[in-house]
Amino acid sequence: MIILKAMLALVTAGASAAAAIVYLAHKGNVRANWLSICQQFDSFCERISGSLIGSFGAMVMLILLILLSAIALARR
């Protein structure tokens with residue numbers, strides 16, 4: 001159970017970092033003089049958006065796995 005929680009923490013940290021990168025790719029940052037790159041590279045933005053959805057899907061699956069293992073341990 002501890003390993004599942006550690007895996008969930010790592011997946012959550014990775015998904016949060018990916019969300020920040022996707023936001024910068026789509027919107028850019030005027031103060032840092034970063035332009036949005038989605039206007040130039042459409043396929044890149046589609047791919048990183050898809051991988052972000054996959055990482056949040058992995059988070060949901062790990063949460064369900066933790067809940068199921070907790071229920072199984074409680075029935076013992």
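All values derive from a computational prediction rather than experimental measurement.

Considerations on the overall build of the protein
Counting its regular elements, the protein contains two helices and zero strands. The C-alpha radius of gyration of the protein comes to 17 Å, more than 25% above the 11 Å expected for a compact globule of 76 residues. For the protein, the spread of C-alpha atoms along the principal axes amounts to about 55 × 25 × 15 Å. Here the protein holds 76 residues, and the buried ones make up 21% of them. Taking as baseline every contact in the protein between residues at least 6 positions apart, the subset at least 24 positions apart corresponds to 61%. Working note: accessible area of the protein is about 5900 Å², and carbon and sulfur atoms make up 69% of it.

Focus on the state of the cysteines
A complete count under the given rule lists one disulfide for this structure. In this model, cysteine 38 is linked to cysteine 45 through a disulfide, with the two sulfur atoms separated by 1.8 Å. In this structure the cystine formed by cysteine 38 and cysteine 45 twists about its S-S bond by roughly -100 degrees; its chirality is therefore left-handed. Take cysteine 38: its relative accessible area is 13%, and that puts it in the buried class.

The rules behind these values
Counting of residues starts from 1 at the beginning of each chain's written sequence and follows it residue by residue. Totals for whole chains, interfaces and linings use every residue, but because this is a predicted model, local features are given only for residues with pLDDT of at least 70 and side-chain atom pairs only at 80 or more, for both listing and counting. Derived side-chain values reflect all non-hydrogen atoms in the structure, with water molecules and hydrogen atoms excluded from consideration. Helix and strand definitions here come from DSSP, where helices need a minimum of 4 consecutive H or I residues and strands a minimum of 2 consecutive E residues; each element is numbered from the N-terminal end. Atoms considered for the radius of gyration are the C-alpha atoms alone. The globule rule reads 2.2 Å times the number of residues to the power 0.38. Working definition: with a 1.4 Å probe on protein chains only, accessible area under 20% of the residue-type maximum means buried, over 50% means exposed, and in between means partly exposed. Any two residues whose heavy atoms approach within 4.5 Å are treated as being in contact. Each accessible area is a Shrake-Rupley result for a 1.4 Å probe, and residues are judged covered by the shown protein chains and nothing else. Disulfides are defined as cysteine sulfur pairs within 2.5 Å.

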